[in-house]
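Here is how the chains run, residue by residue.
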Amino acid sequence: MSRRGRVALTQFAIVLGLILIWELGVWAGLIDPFFFPAPSTLVVRIGDWMSTADFWTDIGITLLETVLSFLAGIGIGTALGIWLGLSPFAAEVVQPFIKMFNAIPRILLGPIFVIWFGLGLTSKVALGVTLVLFVAFFNTFQGVREVNPVVLANARLLRASKSSLLRHVYLPSATTWILSSLRVSVGMAVMGAVVAEYLGSSAGLGHLIAQAEGVLDATGVFAGIIVLSAFVVVLDAIVDCAEKRLLVWRPAPAHES
Amino acid sequence: MGRPRLAVDLRDVMIRFGDFTAVKSMNLQVAETEFVAVVGPTGCGKSTILNTVTGLLKPAAGDVRIFGKSLTGLNGQSGYMLQQEGLLPWKTAHDNVGLGLVFQGSSIAKAREQARPWLAKVGLKGFEERYPHQLSGGQRKRVAMAQTLIMEPKIVLMDEPFSALDVHTRRLMHRILLDLWQADRRSLVFITHDLDEAITLADRVVVMSAGPASRMVADVRIALPRPRDVSALQTTDEFVALYREIWSLLGAEVEKSYVTQG
Ligand SMILES: Nc1ncnc2c1ncn2[C@@H]1O[C@H](COP(=O)(O)OP(=O)(O)O)[C@@H](O)[C@H]1O
Ligand SMILES: [Mg+2]
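Note that this is a predicted model, so its numbers are computed, not measured.

1. Quick look at the overall build of chain A
Along its length, chain A carries 11 helices and 0 strands. Over its C-alpha atoms chain A spans a radius of gyration of 23 Å, topping by over 25% the 18 Å that the globule rule assigns to 257 residues. For chain A, the spread of C-alpha atoms along the three principal axes comes to 75 × 55 × 30 Å. Taking all 257 residues of chain A together, the buried fraction comes to 43%. Pairs at least 24 residues apart make up 73% of the contacts formed inside chain A by residues separated by at least 6 positions. A total of about 14,400 Å² of accessible surface is found on chain A, and carbon and sulfur atoms cover 72% of it.

Here you go:
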């Protein structure tokens, strides 16, 4: 069997073992199901949810918030990164403010955004954007700053204009960095959406978990967390595909080829 | 006015970086359609001279004339092939060759169409869709060469273009370069530290002294017949005689550069 196959098999065995121990522990009365509901009841709960329309609405709303904050965050962060990357003066002026703003634990902005933008979509997207923006900004900035100087000199010698340089040299160089940080950005977007929902909303996966928590329903909380993980894993796979397609020009890392 | 026009004319050019005099006095005349090689020990200011011809550096003293006109700003007549890799890693060989055309406002499709014959000319047919990392060092150099030549500059500048290649690949590159130059003669300034290469390719070899404060020490005409057979040439008596003659000057400078560099 290939190494990958063996790794997957071992991982599967570990998960299966843990679930079995957990399940049997609950059955034998060693684990209190009030705190750690048995895996089987979680499966049943998720199954119940999936047969309701509300659950799919929740997922749809969280997905929409995630996508919107992801796109807006990447857009704003990239624009900012290019601007500051190309203008050393502006970068020097703005740098301390950016560091300061980035140092704020973003979760704390959640309640403020709810006050500002209400319980609806906007406050969720706003929180997600503040999280994604910085990842995109720092990576774009880095990408623009670290353009290979020989490549840049060569493009200039071929008489590239400022806008040509931006389009053919700076942006593609930054794109590598942005793409390689895409997975982090997606995680941030999901986190922003879910945390904001958790703090105050009437729909979404975060709301689902908050509701279960409100009535001390551990089964609901665990089931919600499992659904959320699956949600992130799926998004992650999509991002992975996008990254592979967009970075065909890059040499494969040595250990993979 | 019986003599051919000078494409490049450097007179007593001095180049300084702050207080450091890199080149004290350089004279370099390149006629239209002439292939001139500049040799000299490492650090003597060969790249500096090319940067001056391109207009990237301003001489502290002396005169830089391009087709008879004093150079102000960047040289619009020259194409410069850098010593290091400058291809865009995110563009295919095909798109890299057409890059300068796109910079000049061509559409991508038009640039591709014009680039296709150039890929064939440098022997890269079938490699159009490869990205630079999927090409060998010699193939990347050929892309860079096509990228420079497709712009049809009146003056081609090459800075040790093949020094990173192995002997066999280098010989192949010599053959390709000579074929291209033979077919469409332009003024070519070729920098190298390899005397074999200089004699094989050039009409004239200009020798620079060891740096700092280097100067031109010799200007030798290479009267070997063209077209030249790059593999057979180096064992001929004429070649060996020229090599001896120039090495008697260059060898002393190389010795000096060892001393100054410790
Ligand atoms: N931008 C620069 N600032 C200061 N010194 C430089 C600069 N560029 C080149 N030099 C110096 O000028 C001399 C000639 O450099 P260069 O033209 O690169 O040599 P070569 O190409 O012949 O090896 C060297 O001593 C180098 O250190
Ligand atoms: Mg050099």
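And the narrative resumes.
2. What about the sheet that holds strand β7 (residues 155-159) of chain B?
All names here are of chain B. Taking strand neighbours across the sheet as the criterion, the 10 strands line up as β5-β4-β1-β2-β10-β9-β3-β8-β7-β6 in an open arrangement whose pairing is mixed. One side of each edge strand has no neighbouring strand; the edge strands of this open sheet are β5 (69-70) and β6 (78-81). Summarising the sheet, strand β3 (residues 35-39) and strand β9 (residues 204-208) pair through 4 bridges and their orientation is parallel. Bridge pairing in β9 links Ala37 to Val205. Relative to the sheet, helix α9 (residues 237-260) contacts β3, β9 and β10 (214-221), its axis offset from that of β10 by approximately 175°.

3. Regarding the interface of chain A and chain B
Counting from both sides, the interface comprises 19 residues of chain A and, opposite them, 25 residues of chain B. Buried area between chain A and chain B, both sides added, is near 1,900 Å², and the carbon and sulfur share of it is 68%. Summed over the shared surface of chain A and chain B, the number is 0 salt bridges. Applying the counting rule to chain A against chain B returns 8 residue pairs in polar contact (both at pLDDT 80 or more). Residue assignment for the side of chain A that touches chain B shows that the elements contributing at least two residues are α7 (149-157) and α8 (162-180) of chain A. Of the residues in the side of chain A that touches chain B, the class split is 12 nonpolar, 4 polar and 3 charged.

4. Considerations on the pattern of salt bridges
Two side chains of opposite charge can pair, provided their charged atoms sit close to one another. Scanning the model with the defined rule gives 18 salt bridges over all chains in all. For the salt bridge of A:Asp240 with A:Arg183, the shortest nitrogen-to-oxygen distance reads 2.4 Å. Placement of the pair is A:Asp240 in helix α11 (residues 218-246) and A:Arg183 in helix α9 (residues 182-199), with a sequence separation of 57 residues. Taking the relative accessible area as the measure of exposure, A:Asp240 reaches 27% and is therefore partly exposed. By relative accessible area, A:Arg183 is classed as partly exposed at 32%. We note a salt bridge from B:Glu32 to B:Arg5, for which the minimum N-O separation is 3.4 Å. Taken together, the residues B:Glu32 in the loop between β2 (20-31) and β3 and B:Arg5 in the segment before β1 (6-17) connect sequence positions 27 residues apart.

5. A closer look at the site of ligand 1
All names here are of chain B. Close contacts around ligand 1 come from Phe17, Phe20, Ala22, Thr42, Gly43, Cys44, Gly45, Lys46, Ser47 and Thr48, and that covers them all. A distance of 3.0 Å is found between an oxygen atom of ligand 1 and a backbone nitrogen or oxygen belonging to Gly45. Here Lys46 contributes a backbone N or O atom positioned 2.7 Å from an oxygen atom of ligand 1. Calculation on ligand 1 without its partners gives an accessible area of 560 Å², and the protein chains cover 57% of this total. It is helix α1 (residues 46-54) that contributes the most residues to the shell around ligand 1, 3 residues altogether.

6. Quick notes on the packing of α7(A) against α8(A)
All names here are of chain A. The contact between α7 and α8 brings their axes to 11 Å, and the two run at 155°. The pairing of α7 with α8 is recorded here as roughly antiparallel in orientation. Between α7 and α8 the crossing geometry is right-handed. When α7 is examined against α8, the residues Val151, Leu152, Ala155 and Arg156 are found in contact with a partner set consisting of Leu165, Val169 and Tyr170. Grouping the constituent residues of the contact of α7 with α8 by class yields 6 nonpolar, no polar and 1 charged.

7. Regarding the side chain of B:Asp203
Residue and element names in this part refer to chain B. In this structure, Asp203 sits in the loop between α7 (195-201) and β9. For Asp203, the side chain forms a polar contact with the side chain of Arg226, separated by 2.8 Å. Residue contacts for Asp203: discarding those within four places in its chain leaves Thr33, Glu34, Phe35, Trp181, Val220, Arg221, Ile222, Arg226 and Arg228.

8. What to know about the domain arrangement of chain A
Residue and element names in this part refer to chain A. Considered domain by domain, chain A is made up of domain 1 (1-31) and domain 2 (37-246). One C-alpha centre belongs to domain 1, the other to domain 2; they are set 32 Å apart. Counting from both sides, the interface comprises 4 residues of domain 1 and, opposite them, 6 residues of domain 2. Between domain 1 and domain 2 lies a buried interface of about 400 Å² when both sides are counted; carbon and sulfur atoms form 72% of it. Summed over the shared surface of domain 1 and domain 2, the result is 0 salt bridges. For the pair domain 1 and domain 2, the interface holds 2 residue pairs in polar contact (both at pLDDT 80 or more). Residue composition of the side of domain 1 that touches domain 2, by class: 3 nonpolar, no polar and 1 charged.

Conventions we followed
- Residues numbered from 1 in each chain as written.
- Chains lettered and ligands numbered in written order.
- Predicted model: local features only at pLDDT ≥ 70, side-chain atom pairs only at ≥ 80, totals over all residues.
- Heavy atoms only, no water.
- Helix = DSSP H or I, 4+ residues; strand = E, 2+ residues; numbered from the N terminus.
- Rg over C-alpha atoms; globule rule 2.2 N^0.38 Å.
- Buried < 20%, exposed > 50% of the residue type's maximum accessible area, 1.4 Å probe, protein only.
- Contact = heavy atoms within 4.5 Å.
- Areas by Shrake-Rupley, 256 points an atom, 1.4 Å probe, with all protein chains shown as cover.
- Pairing = 2+ DSSP bridges.
- Axes fitted to C-alpha atoms, helices over the stretch in contact; angles between N-to-C directions.
- Buried area = accessible area lost by both parts, 1.4 Å probe.
- Salt bridge = Lys/Arg side-chain N within 4 Å of Asp/Glu carboxyl O.
- Polar contact = N/O pair within 3.5 Å; in protein donor to acceptor, adjacent residues only side chain to side chain.
- Nonpolar A, V, L, I, M, F, W, Y, C, P; charged D, E, K, R; others polar.
- Near = heavy atom within 4 Å.
- Parallel < 35°, antiparallel > 145°, perpendicular 65-115°, else oblique.
- Left-handed = near helix turned anticlockwise from the far one by under 90°.
- Domains from an automatic or database assignment.

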